[in-house]
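# Geometric and topological summary
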Amino acid sequence: MWIFRRGGGSCKVVGMRLLILGGTEFVGRALAEDALARGWEVTVFHRGRHPAPPGASVLRGDRTAEGGLAALADGEWDIVADTWSGAPSAVRDAARLLAGRAGRYAYVSSRSVHREPVAAGAAEDAPVVDGSPDAGDVPYAQAKRGGELAALDAFGDRALLLRAGLIIGPRENIGRLPWWLLRIARGGPVPVPGPRDAGLQYIDVRDLASWSLDAAARGLGGPYGLISRPGHATMAGLLEACVRATGSDAELRWLPPEVFLSAGVEPWQGMPLWLPEGPVREGIYEGNTEKAHAAGLRCRPVEETVADTWAWLRSAGGRAPLREDRPAVGIDAETEARLLAAAG
C-alpha cells in the first residue's frame, strides 16, 4: 500500500518496495540511500564486491554468469532500478524474469543513445542509435540503447528510461570532479581552458536519484533527459567553487583552448569536463531537458555539489574509487608544466 507523507512542500511516497540491480556504487548507491531515507524497503542485488548500504537487504548474484539471477527467482517489488551499462542481454534477462513480479522498471540510460551529431536543443525525440536487447558486448551508446529496448520489451509503458547526461557528485567513480578537486587542493598555478563563462550541463547524482524514485512512484514511463538546464553552471563557477571548498591557494590560469589542443591534451578525458566549441559540446552541454523539469526535476547549486563531493573525498582519505572499465582522467605534472610554460 502506498502511503503519502507531506513535508517541506513536497509529497513523498513511503512504504514502497524497491529492488536495485547494483546499488553499492555511485548512481545505485544514491538510489539506495535516497529510498532508505524515505522509509522504503530496499533490496540490492549485486556481486558482493562492495558493501551494501546499511539498512538494505542483500541478494547476491552475477547477472553475467549462467544461473546468476537465481536469487531473483522469488520476490515482488513495486519498482526495479537498473544501472547496468554492459551487454543489453543482461538487462533483457533480468527484465523478463521480473516483469510479472514488479510494478515498474527504471532503467538508468544515457543521453549518449542519441545519434551523433546531436544538435543543440535536442530533446527526448531526437534520433537514437540502433540497438538490440539481445546484444552482447557493444559500444556504450549501443549498449544503453539495447538496455532501453530490453526494458521496453519486458515492461512496455511501465518502463521508465532515465537518460542521464554528465553525472557528478559524492561517490563519483569516474573521477572527473574528483580530479579537479584533488588537483586544486594541491595549490599553485592550475592551467584551465577558457572561456571562463563556458556553460556546463550536468546532474548531481542525488538529484538524479530523487527525481527517478519520485517519477517511478508516480507511474511515469518512457524517456526523460535527466540533466540540468544549459548554463546551470559555468566552468569558472565550478572551479572557483573547488578553490573555496578546498581552502586552497590555487591560482586558476585561464588559457586559450588552442594551447591545450596544440599540446595534445584530449578534451573531456585529458582535461575533465572541458569541451571546445563545436558539435560535441553542443550535444553534451546544450540539450533540451524541459520534459523532466516540467515533471519536477530540480538541480541543486554547483557550490553544494562541489562542497559535498570534497567532504566525501576527504572522508575517503583523499582518493576516489575508480571503475575498472574506465580509463583514468586528467593530465600529469609534466603536461601541466608544458602548458604553463607555453602560456608564458
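Residues numbered from 1 in each chain as written. Predicted model: local features only at pLDDT ≥ 70, side-chain atom pairs only at ≥ 80, totals over all residues. Heavy atoms only, no water.

## Concerning the overall build of the protein
Which entries qualify depends on this criterion: Going along the chain from the N terminus, every DSSP run of H or I of four or more residues is numbered as a helix, and every run of E of two or more is numbered as a strand. In this setup the radius of gyration rests on C-alpha atoms only. A globule is expected at 2.2 Å times the number of residues raised to 0.38. For every residue, the accessible area obtained with a 1.4 Å probe (protein chains only) is divided by the maximum for its type, and the residue is called buried under 20%, exposed over 50%, and partly exposed between those limits. By definition in these notes, contact holds between two residues if any of their heavy atoms fall within 4.5 Å. Exposure was quantified through the Shrake-Rupley algorithm and a 1.4 Å probe, taking into account, for residues, occlusion by the shown protein chains and nothing else.
Broken down by element type, the protein carries eleven helices and 15 strands. Taking 20 Å as the expected radius of gyration for a compact globule of 344 residues, we find that the protein reaches 20 Å, a close match to that expectation. Overall size of the protein, expressed as C-alpha extent along the three principal axes, is 65 × 40 × 40 Å. Residues counted as buried form 54% of the 344 residues belonging to the protein. Across the protein, the fraction of contacts at a sequence separation of at least 24, relative to all contacts at a separation of at least 6, is 75%. Total accessible area computed for the protein in this model is approximately 14900 Å², and 50% of it derives from carbon and sulfur atoms.

## Comments concerning the sheet that holds strand β8 (residues 159-164)
Selection criterion: In this description, strands pair whenever DSSP reports at least two bridges between them. Axes, fitted as lines to C-alpha atoms, cover a helix only where it is in contact. Angles between the N-to-C directions of the axes lie from 0 to 180 degrees.
One open sheet accounts for seven strands, arranged β5-β4-β3-β6-β7-β8-β13; its pairing is parallel. The two strands at the open ends of the sheet, each matched to only one other strand, are β5 (57-60) and β13 (222-226). Within this sheet the neighbouring strands show an average axis-to-axis angle of 20°, counted without direction. Two strands pair when backbone bridges link them, and strand β6 (residues 77-82) and strand β7 (residues 102-110) are joined in this way by five bridges, in the parallel orientation.

## A word on the confidence of the model for the protein
Selection rule: Confidence scores per residue from the predictor, reported as pLDDT, run from 0 to 100.
Counting all residues, the mean pLDDT for the protein is 94, and 96% of those residues have values of 70 or more. Confidence drops under a pLDDT of 50 for residues 1-11, and excluding neighbours within four residues, the segment shows 19 contacts in the predicted structure.

## Some details on helix α6 (residues 235-246)
Stated precisely, the cut-off is as follows: Residue count minus one, scaled by 1.5 Å, sets the expected span of a helix.
If you check α6, its first and last C-alpha atoms are 17 Å apart, about what twelve residues at 1.5 Å a residue would give, namely 16 Å. Where burial is concerned, most of α6 is hidden: nine out of the twelve residues are buried. Taken together, the buried positions of α6 are M235, A236, G237, L238, L239, A241, C242, V243 and T246. Following α6 by one or two positions, G247 has its phi on the positive side, about 70°.

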